[in-house]
Structure formats: structure tokens, C-alpha cells
Amino acid sequence: MAKYIKKEMPDLNETGSTQVYYKMQMLRRMELDEFAERVHASNGAFSKSTVMGVMTAVREQLVRELADGYNVQINGLGTFGCKLGMRPGKEIDSFVEGEPKRNAQSIRVTGVTFRAEKNLAKDINQQCNLERGEENRLSPSEHTPEERLQLALQFLREHDYMHVSDYAALTGLSYTTASRELVKLAADPSSGITSKGRKSAKLYVGR
């Protein structure tokens, strides 16, 4: 029987209280060999080796079609597509005149997207009998917002710049909460902190 986890989320909308969301508690990762054995056990028309052979062939063909620019829809499952990004060491370009433009050699496939069909979730839900599992609560910082600002300013007096990970380690905040708080501090001229760079290359420095 599947279990669900009740997780606490930061107050992203500043409502005065944290939010709750639920996720499935994973038992373990099932490998293809076991999955194929279970398909064979539930449908004796196909041997385990046949199931594994077909799935391997489907994967290989899926790679070829996605690499050629197709999105592939598998009825009953969903649609696969490619996600593109920059190669390591390359910064994403812009539409601003005069800035360097990237060519095809700077771009690569960084991931695969999958959009599940609605009926897939519906069919899973019909067979799913959930019971309560773990409860994960946030670990709030032991420092007040003003204390966290002073910790950051002290860090910047001793270092040329600060990463989000540095601020998270200083304050005890999660990486996501630390990132969001630094963005607010950098936008406030009175904080004494500003930012340089963009996205993953963003750094925080003293004003």
C-alpha cells in the first residue's frame, strides 16, 4: 500500500503561515529487470525477455526521434520532448544589440520533458490506496531577519562576494528561502547588499 508524505512549504505568498503539500513516499527504485518480470507475471502473453526487448527498442527509437526534433506521443502515457540549454562555461545570450550571440555549438540537450496524459493519473488513482506516512516540517532559522542581515554584512566585510549557498549556511535557511531573501535584500537600497550577474552566475556584494 502506498504512503503519502505531508510536507511544509515556506510562506512564498507572505500569507503569515506556511503552506502544506503532499507527495508520494517512494518505497524504492524499481529497475527494468524487475518491471519486465512483473509485466510478464500480470500478462502471460509476453515473456520477460520479450518485454525487455520491446522496451529497449522503444527507448532507442525514442532517442532517435527526439534527436531529430520530434515530440513523441505514446497514447495512454504521454508526450516526450527535448529541453535545451547552454553548454558548461557558456552564458545564455539575449536580444540586446551588441551583446555576443550564441551559435548551435553552444547549445545542447539538457533534459527530456514528459507531459503525462490526464487519463494516466486517473487510472493510477483508481488503483491507489493511500495511507498516512511521514511528516516533514521546515527547520526555521534561529536568527531574526535583522540578525541574518548583519551576518551577511559581516561576511561581505571579510569576503569580496557571497553566494546563495554561503547565506544559507550562515543563517540556517534552506537554499530556496535564502535565495528569495537575498533577492529582497538586494532590491532594498537600505540593506547594504546588491547583486551582480544573472541566474546561476549571480553574486551578492556590499553596496
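All of these numbers come straight from a predicted model, not from anything done at the bench.

Some points on the packing of helix H1 (residues 32-42) against helix H2 (residues 48-67)
Each pair of packed helices gets described by two things: the angle between the helix axes and the distance between those axes.
For step 1, the next point in the chain: It is at 8 Å that the axes of H1 and H2 come closest, and there the two elements cross at 125 degrees. Put simply, H1 runs oblique to H2. Considering the relative orientation of H1 and H2, their crossing is right-handed. Touching Leu32, Asp33, Phe35, Ala36, Glu37, Val39 and His40 of H1 are Lys48, Val51, Met52, Met55 and Thr56, all from H2.
For step 2, the next point in the chain: Of the residues assigned to the contact of H1 with H2, the class counts are 7 nonpolar, 2 polar and 3 charged.

Digging into the packing of helix H5 (residues 164-171) against helix H6 (residues 175-187)
For step 1, the next point in the chain: As a packed pair, H5 and H6 sit with axes 9 Å apart at the nearest point and diverge in direction by 105 degrees. Judged on the interaxial angle alone, H6 and H5 are roughly perpendicular. Here H5 contributes Val164, Ser165, Tyr167 and Ala168 to the contact with H6, which in turn contributes Tyr175, Ala178, Ser179, Glu181, Leu182 and Leu185.

Re the sheet that holds strand S4 (residues 78-86)
For step 1, the next point in the chain: Across the sheet, 3 strands lie side by side as S3-S4-S5; this open sheet has antiparallel pairing. In this open sheet, the two strands that pair with only one neighbour each are strand S3 (72-74) and strand S5 (107-116). Going from strand to strand, the sheet's axes swing by 30 degrees on average, the running direction of each strand aside.
For step 2, the next point in the chain: Seen against the sheet, H2 touches S3, S4 and S5 and runs at an angle of roughly 55 degrees to S4.

Topic: the nonpolar core
For step 1, the next point in the chain: The biggest cluster of nonpolar side chains holds 16 residues, and the ones touching the most others in it are Met162, Tyr167, Ala178, Leu182, Leu185, Ile193 and Tyr204.
For step 2, the next point in the chain: The greatest single-element share of this core, amounting to 5 residues, is contributed by helix H4 (residues 145-158).

Section: the sheet that holds strand S2 (residues 19-25)
By way of backbone hydrogen bonds, the strands of a sheet pair with one another, either parallel or antiparallel.
For step 1, the next point in the chain: Read from one edge of the open sheet, 3 strands run S2-S1-S6, paired in mixed fashion. The sheet terminates laterally at S2 and strand S6 (131-136), the two strands that pair on one side only. Within this sheet the neighbouring strands show an average axis-to-axis angle of 30 degrees, counted without direction.
For step 2, the next point in the chain: Summarising the sheet, strand S1 (residues 3-9) and S6 pair through 4 bridges and their orientation is parallel. If you follow lysine 7 over to S6, its bridge partner there is asparagine 136.

A word on the packing of aromatic side chains
For step 1, the next point in the chain: Scanning the model with the defined rule gives 2 aromatic pairs in all.
For step 2, the next point in the chain: Considering the side-chain rings of tyrosine 4 and tyrosine 22, the 5.7 Å spacing of their centres and the 80 degrees angle between planes classify their relative orientation as edge-to-face. Highlighted residues: tyrosine 4 in strand S1 and tyrosine 22 in strand S2, separated in sequence by 18 residues.
For step 3, the next point in the chain: Ring plane angle 45 degrees and centroid distance 4.8 Å describe the contact between phenylalanine 80 and phenylalanine 114, whose orientation is recorded as tilted. Placement of phenylalanine 80 in strand S4 and of phenylalanine 114 in strand S5 is noted, with a sequence separation of 34 residues between them.
For step 4, the next point in the chain: Assessed through its relative accessible area of 42%, phenylalanine 114 is described here as partly exposed.

Each value, and the rule that gives it
Residues numbered from 1 in each chain as written. Predicted model: local features only at pLDDT ≥ 70, side-chain atom pairs only at ≥ 80, totals over all residues. Heavy atoms only, no water. Axes fitted to C-alpha atoms, helices over the stretch in contact; angles between N-to-C directions. Helix = DSSP H or I, 4+ residues; strand = E, 2+ residues; numbered from the N terminus. Parallel < 35°, antiparallel > 145°, perpendicular 65-115°, else oblique. Left-handed = near helix turned anticlockwise from the far one by under 90°. Contact = heavy atoms within 4.5 Å. Nonpolar A, V, L, I, M, F, W, Y, C, P; charged D, E, K, R; others polar. Pairing = 2+ DSSP bridges. Core = buried A, V, L, I, M, F, W, Y, C linked by side-chain atoms within 4.5 Å. Buried < 20%, exposed > 50% of the residue type's maximum accessible area, 1.4 Å probe, protein only. Phe/Tyr/Trp six-rings, centres within 6.5 Å; stacked < 30°, edge-to-face > 60°.

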